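Working through the structure, step by step
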There are 2 protein chains.
Amino acid sequence: MDAPSNVSHQPLLTEEAVPRGFRFGAVRAGIKASGNLDFACAAAEKPATAAAVFTSNRVVAAPVIVARRHLQDSEQRLSLLLANAGNANCATGNAGIEAAQRVCQEAGAVFGCNSHAILPASTGIIGVPLPVEKLIGALPALRAALGSSAAHLEQMAQAIMTTDTKPKAAAASFDVAGRTVRLAGITKGAGMIFPRLVSAPHATMLAFLFTDAEIAPLHAANLLEGAVETTFNRISIDGDTSTNDTVVLWASGASGVAISPAQSDAAAGFRRALEQVCLSLAKQIVADGEGIEHMVELEVGGAGSDDDALRIARAIAHSPLVKTAWAGCDPNWGRILSAVGSSGVAIDPSQVSIFYGDLEICNRGGVSPRLDKEAAHRYLQQREIRVRINLGGGSGACRFWTTDLTAEYVRINSAYST
Amino acid sequence: MDAPSNVSHQPLLTEEAVPRGFRFGAVRAGIKASGNLDFACAAAEKPATAAAVFTSNRVVAAPVIVARRHLQDSEQRLSLLLANAGNANCATGNAGIEAAQRVCQEAGAVFGCNSHAILPASTGIIGVPLPVEKLIGALPALRAALGSSAAHLEQMAQAIMTTDTKPKAAAASFDVAGRTVRLAGITKGAGMIFPRLVSAPHATMLAFLFTDAEIAPLHAANLLEGAVETTFNRISIDGDTSTNDTVVLWASGASGVAISPAQSDAAAGFRRALEQVCLSLAKQIVADGEGIEHMVELEVGGAGSDDDALRIARAIAHSPLVKTAWAGCDPNWGRILSAVGSSGVAIDPSQVSIFYGDLEICNRGGVSPRLDKEAAHRYLQQREIRVRINLGGGSGACRFWTTDLTAEYVRINSAYST
């Protein structure tokens with residue numbers, strides 16, 4: 001196999017980081033108007049365990065419906081993952097489902113696998129018929145493009161981009177009894193990003209996680225759900241939950257290391273690696289948010305429960321007034337306090353304190369006696385900022401990652417595109 | 001009393017529209033940096049029945065706390081309403097409550113009334129101490145400015161403006177047995193507008209409704225809650241619920257007409273007039289939303305319940321992707337369908353249809369066969385647009401008014417203001 005062309009200039013992954021047992025590929029099927037890579041796949045050397053979570057949006061794209069069925073029909077043993085960008089195949093009715101199925105059937109013939117062992121994923125515009133013939137026509141070239149290098153995986157990361165400005169990948173590895181377990185993931189997403197993934201499927205964030213560990217289907221599902229909850233489900237750019245969000249964990253077993261609940265050390269090592277890769281990918285999505293000038297880490301503590309803390313973090317992350325204040329480097333803590341108050345969580349405003357980095361801005365519901373507006377303004381001029389809210393109550397806490405809201409976000413999303 | 005200066009050029013109200021039994025006034029207390037009118041009052045000729053609803057934000061501004069107490073202490077019989085703009089007196093702790101109380105005490109002495117019969121209201125920046133001395137110093141001038149003309153009421157509407165570009169007023173009247181009952185209201189608000197008013201008080205939308213009907217306190221409260229629910233509680237500009245929102249209905253009785261549940265014709269006439277005035281004021285707020293280019297009337301029908309319809313309307317109204325598409329005159333119905341799906345309401349996507357005006361865009365979950373993109377684009381170039389969503393289910397329905405999201409909104413709210 002030739003090395004792929006059109007990879008990003010700085011390698012995202014080392015060769016050593018790529019999980020064994022998979023090959024990756026990407027081609028131009030002519031869906032993106034830009035003519036860039038838009039159709040990608042990953043193939044397992046032999047059918048391998050997969051687990052997936054999907055968006056909780058009630059409007060579910062056709063590929064998500066088909067992916068659910070195929071996971072069930074194959075008993076979570078997949079041969080191929082197919083992903084296109086530029087068309088979400090959503091709100092396309094039965095014709096959309098038939099289109100996704102037809103691409104899987106043709107891919108089964110071209111790649112020599114059972115079509116039910118194929119997981120399709122799509123991202124792009126909603127409500128436009130999937131260009132089936134273009135995809136089917138590109139299948140032989142996609143098969144020819146397969147390879148197991150880091151560059152091949154990076155091409156896959158490029159092909160699934162939509163409004164992303166850069167491809168996103170992360171990797172981790174750990175050793176078990178002298179053998180190395182590798183985990184690597186790619187993701188895409190820059191807008192319509194507020195994943196609320198549930199095991200009963202649906203998202204337009206896509207994330208594909210590959211490992212050469214061997215994991216049983218039920219355990220893989222448990223590990224994925226646990227990792228997603230504190231990573232992908234803790235980010236929001238605009239509060240819009242997509243119809244196509246999909247996260248897949250795929251385990252080839254090629255490392256010869258089995259991860260099971262019984263082997264607690266290896267399982268703990270895998271869990272850490274998985275969380276690390278998921279968190280890195282989730283934060284890369286936030287950092288590439290549409291038009292953003294600030295990436296914000298929210299730390300909410302002192303809540304009655306972790307769930308209360310999360311509801312408050314979401315209320316802050318979705319307040320246009322808070323987000324525009326951040327865009328202006330304005331330490332307008334009153335807007336944060338107001339968002340906390342309207343979150344629906346029972347809080348005592350006179351116990352709420354707010355910090356920018358280590359700078360106390362609001363102390364027990366009022367302006368902090370230590371407030372230094374100029375220092376706060378300077379702090380907010382950094383691209384990455386940390387906002388800490390102490391509710392002064394219980395031990396509930398969470399971390400959440402979000403962005404500011406800029407005029408550029410509005411420009412990107414108000415361009416006449418239909 | 002001299003006619004006030006500085007009224008808007010086109011009269012908002014006719015002399016005949018002004019409810020009898022009140023006087024109104026406004027002065028410059030030096031709170032607004034612009035030097036515009038910023039301190040206003042309304043005085044009843046004699047203590048008169050008042051009902052009020054306040055924001056449901058848990059962070060409640062000091063004037064709201066004091067207003068609640070005074071409504072209770074006076075048994076809903078008020079002599080004076082005091083409102084300032086430029087400072088919300090919120091997140092100001094006990095000092096803020098004492099500041100509001102002190103202004104009421106001094107006003108009681110200047111206006112010759114019980115301080116507990118005074119309802120204070122504030123709007124403006126959060127977390128900055130109320131400039132008490134400026135307000136107290138302006139009280140004699142405020143008293144001297146009182147008058148009962150339409151121009152006086154309009155000055156009050158001007159004084160409570162913050163980022164509003166124009167004062168807002170509405171009036172209605174009806175006859176009962178040859179006597180005229182007048183109802184007039186003023187309001188302000190252009191951002192931080194998603195009122196969720198509850199009878200257990202708290203809002204930075206302010207609305208003051210005056211009538212010369214005679215109404216018992218409990219009945220006034222019931223009438224106000226009913227009218228607010230389908231008007232002020234059905235608008236959103238940015239989804240941010242303020243800490244200071246307040247709506248007051250004040251009944252002087254000067255018309256000599258009593259409105260009571262027993263007299264069903266008069267009560268129905270009053271209810272209609274109240275809803276008409278509240279709806280006009282609520283829509284004027286939306287029409288003056290910060291930076292907006294589109295005012296959007298949402299009609300949701302075919303829902304399982306009215307509450308489901310309302311949750312879906314709010315999800316659409318708060319989707320940045322939907323709002324930016326409107327800003328771009330882009331009939332991107334996929335974003336609307338996605339927002340419907342992520343509202344949390346159990347819907348069947350294959351039954352959802354979407355219309356812009358009378359143009360069907362989405363039919364039963366997919367693109368409408370009747371879609372004419374150019375016609376839809378032209379329709380969306382109007383300033384006022386109507387979006388109708390038919391969920392194809394039950395008989396639940398609602399109307400809701402919202403706006404687009406423009407780069408100008410971001411500019412207004414990201415200006416460094418702290």
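Residues numbered from 1 in each chain as written. Chains lettered and ligands numbered in written order. Predicted model: local features only at pLDDT ≥ 70, side-chain atom pairs only at ≥ 80, totals over all residues.

Some remarks on the overall build of chain A
Across its full length, chain A holds 11 helices and 17 strands. Principal axes of the C-alpha set define a box for chain A whose edges measure 70 × 55 × 40 Å. Sorting the 418 residues of chain A into buried and exposed places 61% on the buried side. (Helix = DSSP H or I, 4+ residues; strand = E, 2+ residues; numbered from the N terminus. Buried ≥ 20, exposed ≤ 12 C-beta atoms within 10 Å, placed from the backbone.)

Observations regarding the packing of helix H1 (residues 62–73) of chain A against helix H2 (residues 93–111) of chain A
Residues and elements named next belong to chain A. The interhelical angle for the contact between H1 and H2, taken along N-to-C directions, is 55°, at an axis separation of 8 Å. As far as their axial angle goes, H2 and H1 are oblique. As H1 runs across H2, the sense of the crossing is right-handed. Only Gly96, Ile97, Ala99, Ala100, Gln101 and Cys104 of H2 make contact with H1, whose side of the interface consists of Ala62, Pro63, Ile65 and Val66. Each residue belonging to the contact of H1 with H2 can be placed in one class, and the counts come to eight nonpolar, two polar and no charged. (Axes fitted to C-alpha atoms, helices over the stretch in contact; angles between N-to-C directions. Parallel < 35°, antiparallel > 145°, perpendicular 65-115°, else oblique. Left-handed = near helix turned anticlockwise from the far one by under 90°. Contact = placed C-beta atoms within 7 Å. Nonpolar A, V, L, I, M, F, W, Y, C, P; charged D, E, K, R; others polar.)

Quick look at the environment of B:Glu360
Residue and element names in this part refer to chain B. Tracing the backbone through its elements, the reader meets Glu360 in strand E14 (residues 359–363). Placed 67 residues apart in sequence, Glu360 and Glu293 show a C-alpha to C-alpha distance of 23 Å. Sequence-distant contacts of Glu360, defined by excluding residues within four places in its chain, comprise Ser353, Phe355, Ser368 and Arg370.

Description of helix H9 (residues 333–341) of chain A
Most of H9(A) sits out of view: nine of its nine residues are buried. Inspection of H9(A) places A:Trp333, A:Gly334, A:Arg335, A:Ile336, A:Leu337, A:Ser338, A:Ala339, A:Val340 and A:Gly341 among the buried residues, and these make up the whole buried set. Close packing links the buried residues of H9(A) with helix H7 (306–317), helix H8 (320–327), strand E13 (353–356), strand E14 (359–363) and strand E16 (384–390) of chain A together with strand E4 (118–125) of chain B.

Some thoughts on the sheet that holds strand E13 (residues 353–356) of chain B
Each strand in a sheet pairs with another by means of backbone hydrogen bonds, the pair being arranged parallel or else antiparallel. Residue and element names in this part refer to chain B. One open sheet holds the six strands; their spatial order is E15-E14-E13-E16-E12-E17, and the pairing between them is mixed. Edge positions in the sheet fall to strand E15 (366–367) and strand E17 (396–403), since each has one partner strand and no second. Examined bridge by bridge, strand E12 (residues 295–303) and E17 share seven bridges and lie antiparallel to one another. Bridged to Glu299 within E17 is Arg399. (Pairing = 2+ DSSP bridges.)

Concerning the relation of the copies chain A and chain B
Of the transformation superimposing chain A on chain B, the axial component is 0.0 Å and the angular component is 180°, with the fit at an RMSD of 0.0 Å. Overall, the copies show the geometry of a two-fold rotation axis. Within chain A, A:Ala407 has its C-alpha nearest the rotation axis, a separation of 2.2 Å. (Least-squares fit on C-alpha atoms with pLDDT ≥ 70 in both.)

As for the domain arrangement of chain A
Residue and element names in this part refer to chain A. For chain A, the assigned domains read domain 1 (15–287) and domain 2 (295–414). Inter-centroid distance (C-alpha atoms) of domain 1 to domain 2 is 33 Å. On the side of domain 2, 11 residues touch domain 1, which itself brings 11 residues to the contact. Here the residues of the side of domain 1 that touches domain 2 sort into five nonpolar, four polar and two charged. (Domains from an automatic or database assignment.)

Side note on unusual backbone geometry
For A:Arg364, which is not glycine, the phi torsion reads 45° and is therefore positive. Tracing the backbone through its elements, the reader meets A:Arg364 in the loop between E14 and strand E15 (366–367). A count of 15 C-beta atoms within 10 Å places A:Arg364 in the partly exposed class. The residue B:Ala91 is not glycine, and still its phi comes out positive at about 60°. Tracing the backbone through its elements, the reader meets B:Ala91 in the loop between strand E3 (77–87) and helix H2 (93–111). With 30 C-beta atoms counted inside 10 Å, the residue B:Ala91 sits in the buried group.

Here we look at the interface of chain A and chain B
Tallying the contact residues gives 55 residues for chain A and 55 residues for chain B. In the side of chain A that touches chain B, the residues fall into 25 nonpolar, 24 polar and six charged.

Some thoughts on the pairing of E16(A)
All names here are of chain A. The pairing of strand E12 (residues 295–303) with E16 spans seven bridges and is classified as parallel. Note on E16: the bridge partner recorded for Leu298 is Val387. In terms of strand pairing, E13 meets E16 through four bridges, oriented antiparallel. Residue Phe355 lies in a different strand from E16, and its bridge partner there is Arg388.

So, the confidence of the model for chain A
All names here are of chain A. Per-residue pLDDT for chain A has a mean of 91; in total, 95% of the residues score no lower than 70. Looking across chain A, the model is least confident in strand E7 (residues 197–198), with a mean pLDDT of 60, and most confident in helix H3 (residues 132–144), with 98. This stretch, residues 1–9, has a pLDDT under 50; its non-local contacts, to residues over four places away or in other chains, come to 17 contacts. Predicted confidence for residues 199–203 stays below pLDDT 50, and this span has 22 contacts to residues more than four positions away or in other chains. For this predicted complex, the interface confidence score (ipTM) comes to 0.81, while the overall pTM stands at 0.84. (pLDDT = per-residue confidence, 0-100.)

Section: the environment of A:Ala145
All names here are of chain A. Mapped onto the secondary structure, Ala145 falls in the loop between H3 and helix H4 (150–159). For Ala145, a count of 24 C-beta atoms within 10 Å gives the class buried. Taking the C-alpha atoms as reference points, Ala145 and Ala85, 60 residues apart in sequence, are found 17 Å from one another.

Some details on the packing of H8(A) against H9(A)
Residues and elements named next belong to chain A. Running from N to C, H8 and H9 cross one another at 155°; their axes reach a closest spacing of 9 Å. Taken together, the axes of H8 and H9 are roughly antiparallel relative to one another. Judged by the twist between their axes, the crossing of H8 over H9 is left-handed. Across the interface between the two elements, Leu321, Val322 and Ala325 from H8 touch Arg335, Ile336 and Ala339 from H9. The class makeup of the residues in the contact of H8 with H9 is five nonpolar, no polar and one charged.

Quick look at the sheet that holds E16(A)
Residues and elements named next belong to chain A. Strand order in the open sheet formed by six strands is E15-E14-E13-E16-E12-E17, with mixed pairing between adjacent strands. The open sheet has two free edges, formed respectively by E15 and strand E17 (396–403), since each of these has just one partner strand. Its contacts with the sheet put H7 on E12, E16 and E17, and the angle it makes with E17 is roughly 20°.

Quick word on the pairing of E3(B)
Consecutive residues of a regular strand have side chains that alternate between opposite faces of the sheet. All names here are of chain B. Judged by how many residues are buried, E3 sits mostly within the fold: 10 of 11 residues are covered. Here seven bridges tie strand E2 (residues 39–55) to E3, and the two strands are oriented antiparallel to one another. From the neighbouring strand, Ala48 faces E3, where its bridge partner is Leu78.

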